Amino acid sequence: MAVEIKPAVQSLPATTAIQDPAARRFADAVTQAVQSINSAEFAAQSLVTALEQGLRGGGVPGAVAADGDEGGITAGMISSILQSRLYQALGRAIERIPVPGTVRERIAALETGLTTETSVRATEREMVVQQINAVVARAAGAEAGLYPEALARATADEAMTSQIDSAVSRIGVAEAGLLSEQNTRATSDTALVQAINTMWAMTGTSNALIQTGGTVQTNWNWAQANWWNTLQAEVFTSGGKTIRQAISQEAEIRSGTDGHLLAQYTVKIDNNGYVSGFGFASSANNDLSYSEFYVRADRFAIGSPGVSRRVPFVVLTSADADGNPPGVYMDDAFIKNASIKQAKIGLAAVDTLRIGNNAVTVPVHTEIMPDRAIAAGTDPSFFTSVKPTYVQAPNGVTIFVNVTAGSLGAITNLWCRVRRNGAIIGDQLSTVGALITELHNFIFFDRTPPSGEVTYSVELGDSWPTGGPVHVSRVSVVALGSMK
């Protein structure tokens, strides 16, 4: 009678999909053993060997079993299995699994998962296809997983897709992950595409994140695109304080058929709530265009590249560490045409100075130390002048004359006369005490000065024939309302 030998174990799937190296080696060993034991020759030989051992003595090598001794036959078969290649291969593969404990404990500590779910739903007006995959490995508190997911949906009015791919590795309170999401959507009037990529790392209460994303969208009347990029780091101190820093970039453009256009780019730095950055924007409404560049910072400077550090232009929005107040600081400025409402100048070198409408008066001054004596009863004679002076003063010119003088004898009068281009505009007298040197002030006002260049001269004399003589040691003349 013919005997049919059936495989002891059904065939196993391919092991190439197993990601863990130790688990894959284990599965390869099992597959090789199963392939060997499934052969007809090996199965027949194992059965014959077991029967012979059982018949020879209850499973003891060399012994002969009595008729009907089922226990001997069974013991022989078990002994044969223990000595087989399958048992030995399984033992070697299990020993290579890097988990402490016995063989049984090692197998229990290793958990792998490979899951694929696909669903299709269809009606007269809609079809939805979805696929979810999961590749997960867990061992001794560690976990690693890949989770791709895809969705496609179509109706009579809309078509859309969604693709989400994530990867996460986790041990205890440490976690690292990647997430990528893409979406598309289209209708008869609109089209939309969005993509967001995120990576993060966490260890306890410390975390860091990078996210980049973009969106493009259109309809019949406008088109828009925007992009952003964010970097973020956060820690939690032992004192219970959260410290957070972030840098973000964003760009956006928009165009409309109504003539409204917009484009902008911004950079922002958030240093634990202290926000700074800059932005550049340009917009247009039909034919009217406008652009703006804005900087939000305590200090803005322009410097030269290279090794030598030169910063000729600095803007301070708040006082710096050196105590400099807010303002614009320039090392050198070359201005072709400037309109200044108010100025404070420490030292100025001016080639030509012209004051419009006499809004500001520039004093013209001269000073001499004559050390001269004027005899009693002497008419005024020339002492000094201020020249040349350019007069453009519709309200007149004021001339201040300060004379330091004293009488060498009796009391007398100091005679002061001022001329403009030789014509007398005024005479004044001041009493000089005997043997006393005093400061004498005279003020003259030229009410109708001509335009153009003029010369104001000062003359001094002694009006009393019996007084004096007068000794003059200093003469100072100031003319207000004119300019050099």
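What counts, and where the lines are drawn
Residues numbered from 1 in each chain as written. Predicted model: local features only at pLDDT ≥ 70, side-chain atom pairs only at ≥ 80, totals over all residues. Heavy atoms only, no water. Salt bridge = Lys/Arg side-chain N within 4 Å of Asp/Glu carboxyl O. Pairing = 2+ DSSP bridges. Helix = DSSP H or I, 4+ residues; strand = E, 2+ residues; numbered from the N terminus. Axes fitted to C-alpha atoms, helices over the stretch in contact; angles between N-to-C directions. Core = buried A, V, L, I, M, F, W, Y, C linked by side-chain atoms within 4.5 Å. Buried < 20%, exposed > 50% of the residue type's maximum accessible area, 1.4 Å probe, protein only. Contact = heavy atoms within 4.5 Å. Phe/Tyr/Trp six-rings, centres within 6.5 Å; stacked < 30°, edge-to-face > 60°. Patch = residues over 30% accessible without salt bridge, like charges linked within 9 Å, V, L, I, M, F, W, Y side chains within 5 Å. Areas by Shrake-Rupley, 256 points an atom, 1.4 Å probe, with all protein chains shown as cover. pLDDT = per-residue confidence, 0-100.

### Remarks on the pattern of salt bridges
Within this structure, the stated rule accounts for 14 salt bridges. Its salt-bridge partner being Glu143, residue Arg138 comes within 3.8 Å of it at the nearest N-O pair. Salt bridges linked by common partners bring Arg121, Glu126, Arg153, Glu158 and Arg185 together as one network.

### Remarks on the sheet that holds strand E15 (residues 327-330)
Pairing is antiparallel in the open sheet, where 3 strands are placed in the order E13-E14-E15. Both outer strands of the open sheet, strand E13 (299-302) and E15, are each paired with one neighbouring strand and no more. For this sheet, the mean inter-axis angle between neighbouring strands, taken without regard to orientation, is 10°. The pairing of strand E14 (residues 313-316) with E15 spans 4 bridges and is antiparallel. From the neighbouring strand, Phe313 faces E15, where its bridge partner is Met330.

### A word on the pairing of strand E21 (residues 423-432)
Judged from the 9 bridges that link them, strand E20 (residues 412-420) and E21 form a sheet pairing that is antiparallel. Counted as the bridge partner of Leu414 is Ser430 from E21. The hairpin turn running from E20 into E21, its antiparallel successor, is 2 residues long, and Asn421 in that turn takes a positive phi close to 50°.

### With respect to the nonpolar core
In summary, soluble globular proteins display a tendency toward joint burial of nonpolar side chains. With 24 residues, the main nonpolar core has Ile399, Val401, Val403, Leu460 and Val472 as its most contacted residues. Elements represented by at least two residues in this core include exactly strand E18 (381-391), strand E19 (397-410), E20, strand E22 (437-446), strand E23 (452-462) and strand E24 (468-483). The residues touching Ile399, leaving out its near neighbours within four places in the chain, are Val418, Ile425, Phe442, Ile443, Phe444, Asp446, Tyr456, Val477, Val478 and Ala479.

### Side note on the pairing of strand E7 (residues 206-218)
Note that strand E6 (residues 191-203) and E7 share 13 bridges and pair antiparallel. By the bridge assignment for E7, Ile196 is matched with Gly213. Here E6 hands over to E7 after 2 residues, with Gly204 in that stretch at a positive phi of 65°. Bridging between E7 and strand E8 (residues 222-236) involves 12 bridges; their strand directions are antiparallel. Bridge assignment links Asn207 to a residue of E8, and that residue is Glu234.

### Here's the deal with the packing of aromatic side chains
If you walk through the whole model with that rule in mind, you get 3 aromatic pairs. Summarising the aromatic geometry, the rings of Tyr265 and Phe278 are spaced 6.3 Å apart at their centres and angled 55° between planes, so their arrangement reads as tilted. Linking Tyr265 in strand E10 (residues 260-271) with Phe278 in strand E11 (residues 274-285), this pair joins segments that are 13 residues apart in sequence. A relative accessible area of 29% places Tyr265 in the partly exposed class.

### Let's talk about a nonpolar patch on the surface
Residues Leu178, Met199, Ile210, Leu231, Ile247 and Ile269 make up a contiguous nonpolar surface patch of about 480 Å² in total accessible area. Note on placement: Leu231 falls in strand E8.

### Describing unusual backbone geometry
For Ala140, which is not glycine, the phi dihedral falls at a positive 50°. You can see Ala140 is positioned in the loop between strand E2 (126-139) and strand E3 (142-155). Taking the relative accessible area as the measure of exposure, Ala140 reaches 75% and is therefore exposed. In this structure, Asp371 takes a positive phi of about 50° despite not being glycine. Mapped onto the fold, Asp371 is located in the loop between strand E16 (362-368) and strand E17 (372-374).

### Some remarks on the environment of Ile399
One can find Ile399 in strand E19. We classify Ile399 as buried; its relative accessible area is 1%. In sequence terms Ile399 and Val364 are 35 residues apart; their C-alpha atoms lie 9.3 Å from each other.

### Observations concerning the confidence of the model for the protein
When pLDDT is averaged along the protein, the result is 79; 72% of the residues meet or exceed 70. By mean pLDDT, the top-scoring element of the protein is E6 (96), and the lowest-scoring one is helix H5 (residues 103-109) (49). The low-confidence segment residues 1-10 (pLDDT under 50) makes 8 contacts with residues lying over four places distant or belonging to another chain. Within the model, pLDDT remains below 50 along residues 57-65, and this stretch shows 25 contacts once partners closer than five positions in the same chain are excluded.

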